[in-house]
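Structure at a glance
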Amino acid sequence: MAKIKHHNFLNTVHEVFTDAKKAGVLHLYAGGNSFSGRTIEVEGRELYHFGTTGYLGLEQDSRLKTAAMGAIERYGTQFPLSKSYISNPLYKDLEDCIREMYGHPIIITKNSTLGHLGVIPSAVDDDDVIILDHQVHWSVQNAAKMLKARSVPIEMIRHNNLGMLEDKIKKYRHSKRHIWYMADGIYSMYGDYAPVKGLMELSKKYPQLHFYFDDVHGMGWVGRNGTGYVLDQLGELPENVLLFGTLSKTFGASGAVLACSNAGMYDKIKTFGGPLTFSAQLEPASVAAAIASAKIHLSSEIYELQGELRERIDFFNACLRATDLPLIDQNASPVFYIGTGMPKTGYNFVNRLMGEGFYVNLGIFPAVPVKNTGVRITISRHNEKAEIKALVEAMEHHFPMALEDTQTNLERVFHAFKLEHRPQNEPLVTSNLDIEILDTIHQVDKEQWNRFMGGKGVYDCEGLHFLETAFQGNTKKEHNWLFRYVTIKDSKGTPILMTFVTLSLWKDDMLADAKVSSAIEEERKSNPYHLSSPVLSMGSLFTEGDHMYWNSGHAKAHDAQEAFLGWLEQRERALGAKMVVLRDFPNGTLWGKPLQGHGFLRVQMPNSCTVDLGRGSTIGEYLANLSSRNRRHYRKDIEPYLEQVQVGTVASLGTSPMEQAQQLFAQVHGRNLGLNTYTFPDKLFEQMNLHDQWEFIVLSPLGEPNVLLGVMFCYTNLDQVYVPAFVGMDYAYLEKYAIYRQLLYRTIERAIGLGLPKIELGMTAAFEKRKLGAEVHERHAYIQTGDNFSLELLGIMEGQH
């Protein structure tokens, strides 16, 4: 394996969204000639609307509509000037009203996204640090990323994890002026809260701690003057808090607002705030509607509206409590989330509810982890109790059917969300398949395994026996792997699917950017298991290649897929794995759509390389058949160095040469933070020396046979394929002797000498391998986790902190 490519985020989101669009649950268009808020027309049908974020229903209030229309008549459709020059005549009235609501200076912004882009770079100084809750809204993360250009450190903690936050504070308290923690007040998917009071206690302990809250989903429906959840918890706005609210959503108009009690900070942001200076100001209609809404918020009416919404929220909660539906977070917000686990279950459930006459939102990656797909339901004053009750009845009826349609069960959903009191022992459909799970390669039918799985990498029976011996019974936990061998057969005993999986300790940043890993490694000097987790993986950290046999033409091929994925999920739960990784699939694999439906994300791996040795029976004939360009590469970049070294192929190394070989491998391993794994145990190298199918191609300076410049660790699989599994090199002499290029050349020469038809050159350095005639193949991995924080470290999420 090797470092993944960091453009995967957009590719992955495109794939997930494309699937959801095809399922008819995303990128829809509302129909009709008017809109009441209570119902919404979708594809010609009127559906009860349980997807709005206008919780108080003010967007349909006649006072806001009248004000907006009057403003257009008086001032036109827009006021096309920057606010830095001059503001719309209505702006001062709006600012005065919003200031009165908050009791503090405020700044109006076009929307929250532009507001964050304007405020965060102005508020955060170069000698500050930013710590992000990993569920904070994308718009906050995106604005924070801009400060990387100014070398401001950006850290991330698990959602609402105050212990992890305090660890980060301790890390920076003596080196940074301000420590900014950025979070949502109310989170938009699950409706859960930031632990505001606990955060304030932390700030008493660490005075340099400052807060940036995006409370757009807490606005209006709670708090004095409808100023939101965070201010309701705070009582008063302290100088170390910047608070964002909204003039859209619950407020019923358009725009966003920043409240700031620090006079110096306010002046700094107000005077020049990037997009706040250069972006267009709110349209007159939006300003007038916002003024009308602000007057409602400043009156006692706002508490009547809040009470009406609270009555509906309480009623919905009471209805849900009478069911077994997996409500992910029970709270008093108007946002509810019913978990489905797998995306395909979510698609099915949403379509069923729309068929019953209810419009709800699909919660999907990247807003939630793919494995935590679900249905987001929002309650507003538009909803009547009768339709609220009818929605719950429809969900209770259709949820089990959605599970059955997608071959899953409630236990798996509860597990995906780590919910307590989950049901036990619900059966999985196996379609009369025989699923054989064995604990060691010794129990496996050797002839059958080698027929279907041999001739590839270091995972024929002999190779797996070697790996089991090397990675069991060691002192360190990262050197001890659990192996499981999976065979799924039809009723006649014919294998449909065969593979092996391992449970091993991975560094959470294994596939992250090297700069991320470098910073984390500093912390691992005192805590070697910092940010490390057990991962259930097809294949192993040692092996590369096609780790699965699957007869796609078999009548039960799809059933075998589902049975394997169901078993994986059970094993993940039983073994306490944090993530499941399936690899290395070729481009266009038939597994792609089923895996994505099960909540796996596809990430592109580095290309793998193979060499077909049918082009010549000698190294000379092989070279002669290369392209003219590649022959020039050989003559210029390899041939001149061949006489400067002596090369040998040995079945075993003595004590001193093996120590040198391990040190050379350690040099390569230590430089590859793009593939940041734990080291291999000494036993691995000892077993290589004892194993008939391992050998070593060694390079030494001419006349100095006891000095190793480089070594290729090679495995022969069933006399069918040569596998240079990994390499060791002395980087002090890398260029002087062209060590890597020589080792590649000698590997090809050795395989030809052995009469083997193929070399599996593996991943990385595809450019160098291609120049010696290797064929390049695209490879993909599929990752399943219920933790977007892990995806951040892996570089799959866009906010690569």
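To be clear, the structure that these remarks concern was listed above.
Just so we're clear, the structure is a prediction, and the values are computed from it rather than from any experiment. (Residues numbered from 1 in each chain as written. Predicted model: local features only at pLDDT ≥ 70, side-chain atom pairs only at ≥ 80, totals over all residues. Heavy atoms only, no water.)

**So, the overall build of the protein**
Helices and strands together make up the secondary structure of the protein, namely 28 helices and 27 strands. Over its C-alpha atoms the protein spans a radius of gyration of 31 Å, differing by no more than 12% from the 28 Å that the globule rule assigns to 801 residues. Across its three principal directions, the C-alpha atoms of the protein cover 90 × 60 × 50 Å. Per-residue burial for the protein yields a buried fraction of 60% across its 801 residues. Sequence separation of at least 24 residues holds for 75% of the intrachain contacts in the protein that already meet a minimum separation of 6. For the protein, the exposed area adds up to about 31600 Å²; of that, 50% sits on carbon and sulfur atoms. On the protein, the mean spot of the 80 positive side-chain charges and the mean spot of the 92 negative ones are 3 Å from each other. (Helix = DSSP H or I, 4+ residues; strand = E, 2+ residues; numbered from the N terminus. Rg over C-alpha atoms; globule rule 2.2 N^0.38 Å. Buried < 20%, exposed > 50% of the residue type's maximum accessible area, 1.4 Å probe, protein only. Contact = heavy atoms within 4.5 Å. Areas by Shrake-Rupley, 256 points an atom, 1.4 Å probe, with all protein chains shown as cover. Lys, Arg positive; Asp, Glu negative; His and termini not counted. Charge placed at Lys NZ, Arg CZ, Asp CG, Glu CD.)

**Quick look at the sheet that holds strand β12 (residues 358–359)**
With mixed pairing, four strands are arranged side by side in an open sheet as β1-β2-β3-β12. Two strands lie at the open edges of the sheet, namely β1 (30–31) and β12, each paired on one side alone. The sheet contact formed by β1 and strand β2 (residues 39–42) spans two bridges and is antiparallel. Of the residues in β2, the one forming a bridge with Ala-30 is Val-42. (Pairing = 2+ DSSP bridges.)

**Describing the packing of aromatic side chains**
In the structure shown here, the tally under the stated rule is 41 aromatic pairs. With a centroid separation of 6.2 Å and an interplanar angle of 65 degrees, the aromatic rings of Tyr-337 and Phe-417 are classed as edge-to-face. In this pair, Tyr-337 is assigned in strand β11 (residues 335–341) and Phe-417 in the loop between α15 (410–416) and β15 (434–438), connecting sequence segments 80 residues apart. Of the two residues examined, Tyr-337 and Phe-417, each falls in the buried class. When the ring of Phe-542 is compared with that of Phe-726, the centres are 5.6 Å apart and the planes differ by 85 degrees; the resulting orientation is edge-to-face. (Phe/Tyr/Trp six-rings, centres within 6.5 Å; stacked < 30°, edge-to-face > 60°.)

**So, the pairing of strand β10 (residues 256–260)**
By the criterion of burial, β10 is predominantly enclosed, with five of the five residues buried. Here β10 shows two buried faces, one formed by Ala-256, Leu-258 and Cys-260 and the other by Val-257 and Ala-259. The sheet contact formed by strand β9 (residues 241–246) and β10 spans five bridges and is antiparallel. By the bridge assignment, Gly-245 is partnered in β10 with Val-257.

**As for the pattern of salt bridges**
Opposite charge on two side chains permits pairing when their charged atoms draw close. Applying the stated rule across the entire model yields 44 salt bridges. Across the salt bridge formed by Glu-436 and Lys-489, the nearest N and O atoms sit 3.8 Å from each other. A residue pair is termed long-range when its members are at least 10 positions apart, and Glu-436 in strand β15 and Lys-489 in strand β16 (residues 482–489) qualify at 53 residues. A relative accessible area of 27% means that Glu-436 is categorised as partly exposed. (Salt bridge = Lys/Arg side-chain N within 4 Å of Asp/Glu carboxyl O.)

**A few points about a nonpolar patch on the surface**
On the surface, a nonpolar cluster with roughly 360 Å² of combined accessible area is contributed by Leu-81, Tyr-85 and Ile-86. Within the secondary structure, Ile-86 is located in the loop between α2 (62–75) and α3 (91–102). Given the relative accessible area of 46%, Ile-86 is considered partly exposed. (Patch = residues over 30% accessible without salt bridge, like charges linked within 9 Å, V, L, I, M, F, W, Y side chains within 5 Å.)

**Brief notes about the environment of Leu-132**
Counting through the fold element by element, Leu-132 comes out in strand β5 (residues 129–133). Using a relative accessible area of 0% as the deciding quantity, one classes Leu-132 as buried. Sequence separation between Leu-132 and Trp-180 is 48 residues, and the spatial gap between their C-alpha atoms is 8.2 Å.

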